[in-house]
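# Summary of the model geometry
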Amino acid sequence: MAFSVMAGHVMLDGVLVQSECYPGTEHAFQVYVPDQYDGKRPAALYVGLDGVLCNAPQVMDSLIAAGKMPVTIGVFLQPGLVKAADGTVLRYNRCYEFDSTTDLFASFLETELLPAVEQIKTQRGKPIRLSRRPWDRMIFGLSSGGIAAFNAAWHRPDLFGKVFTGVGTFVAMRGGNDLQALVRKTEPLPLRVFIQDGSNDAWNPLFGHWYEGNQMLASALEFAGYDVQCDWSDGGHNVTRSTQIFAQVMEWMWRDWPAQPSPGKTQNDFLQALLVEDDNGWSKISGGVDKQPVKRIIYPDLTTVAWIQDEGENFVWQFILQDSQLTCGEPFYWLHNDDPSEPLEVRTITFDGNGNLWAATRMGIQICDQNGRVRAILRLPQGCSPVNEIIIGNGTVTLSTEEATWQRRFNVTAPTPGVRPPSQGQG
C-alpha cells in the first residue's frame, strides 16, 4: 500500500474493487492517520466524500494537537467508477451512489469501506481501529456528497452521529426534495447537523433551487428538535465557504466530546402526543412469531375496512362496510417511499383507539390519521426483520417478526370493537 508522510499525519492509499453493493465499481480512498494515533485504542472516525476537501488533514492536525477534537482516523472516499479492461470509464456512479435517498450507501460504508480500512496497517505496523460509538463518528460531503452524508446518518444513526453538509443537493434529482417532509414526520434522532449554503447556489429548472432546498431541510431539522447549526452566505455552488468555516464547524461538532447526545423534542404535535418522555426505545421481549401479515383490518366501529390489496403500492385501500359488503373503495391511506426505484411493500396494518392506521413498511411504522395522511413515522428496531404483526395495547405497541418480538411504550390506546373513535374532522 502506498503512503505519504506529512507533518502531523500519514496518508495511506487504498482501492476497493468489485463492490457487492455497487457491482463492478472501483472506489479509490485515502486514510488519514494522525501522529497521535497509537493503534492501542479505537479512534474517532471522519469520513469525507469526494476525497480530500476543505484542507481537512491540516485542519484536523491542528485541532487534534490543540485538544479540540479527539484523535481521529480520516477516510476520504472517491465515488465509484466502472471501467473497461483498458481503463476507460464506462459508468460514473457518483449520482447513483450519492443522490439516492435509500440506505444502500450507508450499507456500503458499513459492510465494505470501513471493514477494508480496518484491514490496513500503518507504515509502522499499527492496526487501524475505529470506534463503534456513533457520537465518535462524523461524515462530510459537498453538493451530492452533502446529501449522501446526511442520508448515511439519517438511515443509520448507529453509524454516524455527526454530519456536515456543504451546498447539499436536497433537490428533485433522486428524491432529495422529500427529505424535509420525512424529517418533520419522523421521531427525532440523536444527530448533530451543520448545513452550509449560499444564496447564489445552483438553480436548475429541472431539479430546483439548491439554496431553497437547504433552507427547507434546516427548517425541518429545527422543527424536529435536532442539534443543528447553519451558515448562510451569498456564496455559490463551490467548496469555498465550507473550506473557510471548516475548522469552526469541526470545533462545534466536537465541542462536548465524549458526551453522548440525546434526541431533541419535536414540534410535531402528533408525535409529541404519542412519544413517552422517558422512553428507552424498542426492547426485545421474546422470540419470533410465525404469523401471516394482517392485510385487511376493520375500523373499530365496524364501518370501514382498510385493505392492502396489491403488494408494491404506496397506499392502503379503504372501503365502506355496508350490509356486510365492501363498497366505495379508494386508495385512501397514502404512504411515503424513500426508494422510488423499488415498490414500497406495506407488510401489515392495524388501527389504534383513535382511529389512526399503523402500517409497517421497510422505512418504519407509518401512522396515518383518519383522513389518510401520514402524520408520524416511527423507526423500526435496528436489525429488525420484516414486521408481520402490530399489536396496539393501552400504553404499549408490540411488533412481531419471524425472528423476534419487540415492545415499546407510547401514549396510545387499544381500539375497542364497536366503539367509534372521536372524529378528527376534515383536516
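Right, let's walk through the structure included here. (Residues numbered from 1 in each chain as written. Predicted model: local features only at pLDDT ≥ 70, side-chain atom pairs only at ≥ 80, totals over all residues. Heavy atoms only, no water.)

Once that is clear, we can look at the pattern of salt bridges. Going through the model one piece at a time under the given rule, you end up with 23 salt bridges. As a salt-bridge pair, Asp338 and Arg362 come within 3.9 Å of each other at their nearest N and O atoms. With Asp338 in the loop between strand S18 (325-334) and strand S19 (348-351) and Arg362 in the loop between strand S20 (357-361) and strand S21 (364-368), this pair connects stretches of sequence that are 24 residues apart. Between Asp369 and Arg373 there is a salt bridge; the shortest N-O distance is 2.9 Å. Looking at Asp369, the relative accessible area reads 1%, which means it is buried. Residue classification places Arg373 among the partly exposed residues on the basis of a relative accessible area of 37%. Each member of the salt-bridge network shares a partner with another, and the members are Arg192, Asp227, Arg255 and Asp256. (Salt bridge = Lys/Arg side-chain N within 4 Å of Asp/Glu carboxyl O. Helix = DSSP H or I, 4+ residues; strand = E, 2+ residues; numbered from the N terminus. Buried < 20%, exposed > 50% of the residue type's maximum accessible area, 1.4 Å probe, protein only.)

We now examine the pairing of strand S3 (residues 25-34). Successive side chains on a regular strand alternate, one facing one side of the sheet and the next facing the other. The element S3 is largely enclosed, with a buried count of seven among its ten residues. Relative to S3, strand S2 (residues 9-17) is paired through nine bridges, and the arrangement is antiparallel. When the bridges of S3 are listed, His9 appears paired with Pro34. Pairing between S3 and strand S6 (residues 81-83): two bridges, direction antiparallel. Note that in S6 the partner of Thr25 across the bridge is Val82. The pairing of S3 with strand S5 (residues 72-77) spans four bridges and is antiparallel. (Pairing = 2+ DSSP bridges.)

Strand order in the open sheet made by the four strands is S19-S20-S21-S22, with antiparallel pairing throughout. Whereas interior strands pair on both sides, the edge strands pair on one side only; in this sheet they are S19 and strand S22 (374-378). Shown here is a sheet whose adjacent strand axes are inclined to one another by a mean of 20°, direction ignored. By the bridge criterion, four bridges tie S21 to S22 in an arrangement that is antiparallel. Bridged to Cys368 within S22 is Val374. (Axes fitted to C-alpha atoms, helices over the stretch in contact; angles between N-to-C directions.)

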